[in-house]
Amino acid sequence: VPMDGSHWLSMREMLDILRQKGHEVVVVAPEISLHIKPSKNFVMKMYSVPYTQEEMEKDYKAFFQVSFEEGSFFQRVLRSMEGMKRLTDVWVSTCEQLLQNKELIRYLEESKF
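Criteria and thresholds
Residues numbered from 1 in each chain as written. Predicted model: local features only at pLDDT ≥ 70, side-chain atom pairs only at ≥ 80, totals over all residues. Heavy atoms only, no water. Salt bridge = Lys/Arg side-chain N within 4 Å of Asp/Glu carboxyl O. Helix = DSSP H or I, 4+ residues; strand = E, 2+ residues; numbered from the N terminus. Core = buried A, V, L, I, M, F, W, Y, C linked by side-chain atoms within 4.5 Å. Buried < 20%, exposed > 50% of the residue type's maximum accessible area, 1.4 Å probe, protein only. Contact = heavy atoms within 4.5 Å. Phe/Tyr/Trp six-rings, centres within 6.5 Å; stacked < 30°, edge-to-face > 60°. Lys NZ or Arg CZ within 6 Å of the ring centre and 35° of its normal. Expected span 1.5 Å × (residues − 1).

Engineer: Account for the pattern of salt bridges, naming residues and giving values.
Structural biologist: Side chains that differ in charge, positive against negative, can pair when their charged atoms come close. Per the counting criterion, the structure on display carries four salt bridges. We note a salt bridge from Glu69 to Arg79, for which the minimum N-O separation is 2.6 Å. Of this pair, Glu69 sits in the loop between helix H2 (53-65) and helix H3 (73-100) while Arg79 sits in helix H3; the two residues are ten residues apart in sequence, bridging distant segments of the chain.

Engineer: Account for the nonpolar core, with residues named and values stated.
Structural biologist: Among the nonpolar cores identified, the biggest contains 13 residues, and Val28, Tyr47, Tyr51 and Leu104 are the most heavily contacted of them. Among the elements of the structure, H2, H3 and helix H4 (102-110) are those that each provide at least two residues to this core. Discounting residues that sit within four places of it in the chain, Leu104 has contacts with Val28, Lys45, Tyr47 and Leu98. Core analysis: the second largest hydrophobic core is formed by eight residues, Val25, Ile36, Phe42 and Met44 among them.

Engineer: Tell me about the environment of Tyr60, residues and numbers included.
Structural biologist: Examined against the element boundaries, Tyr60 turns out to sit in helix H2. Spatially, the C-alpha atoms of Tyr60 and Leu104 are 27 Å apart, while their sequence positions differ by 44 residues.

Engineer: Just give me the short version of the packing of aromatic side chains, but keep the residues and values in it.
Structural biologist: Overall, the coordinates contain three aromatic pairs when judged by the stated rule. Residues Trp8 and Phe42 carry aromatic rings whose centres are separated by 5.8 Å and whose planes lie at 90 degrees to one another, so their mutual orientation is edge-to-face. Of this pair, Trp8 sits in helix H1 (residues 6-20) while Phe42 sits in the loop between strand S1 (26-30) and strand S2 (43-47), and the two are 34 residues apart along the sequence. Judged by relative accessible area, which is 1%, Trp8 ranks as buried. A residue is classified by how much of its surface remains accessible, and Phe42, at 7% relative accessible area, is buried. Through a chain of ring-to-ring contacts, three or more aromatic side chains come together here, namely Tyr60, Phe63 and Phe64. Residue placement shows Lys45 over the ring face of Tyr107; its charged tip is 4.2 Å from the ring centre.

Engineer: Any chance you could break down H1 for me, citing the residues and the numbers?
Structural biologist: Helix length check: H1, at 15 residues, gives a terminal C-alpha distance of 22 Å against a target of 21 Å (1.5 Å per residue), a fit within 8%. Listed in full, the buried residues belonging to H1 are Trp8, Leu15 and Asp16. The elements touched by buried residues of H1 are S1.

Take it as geometry only, folks, not as evidence of what the structure does.
Below, the structure written as structure tokens:
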């Protein structure tokens, strides 16, 4: 169950190696993500989330844009914290949607994921 961004990019290499060694790899991910995409090297189990690709990309872009904005240190820290709060809300929502997906949870339990 990967996180998007650098966590996924690092994990992706490891999954490819595990597959090459004969392991079955199953990735559980939200249907909306920045980098997590289906591959022939693993089985993808996706679940729905209450936000669009555009909304997520907008939140990430706004968060990273703060680094390049003008203003006092305090203003930039405050804007950065607001952006982190929005991204944290997205991550929490993503986790809630996974845990509320009874069909996917049943699959994970039955397959001893």
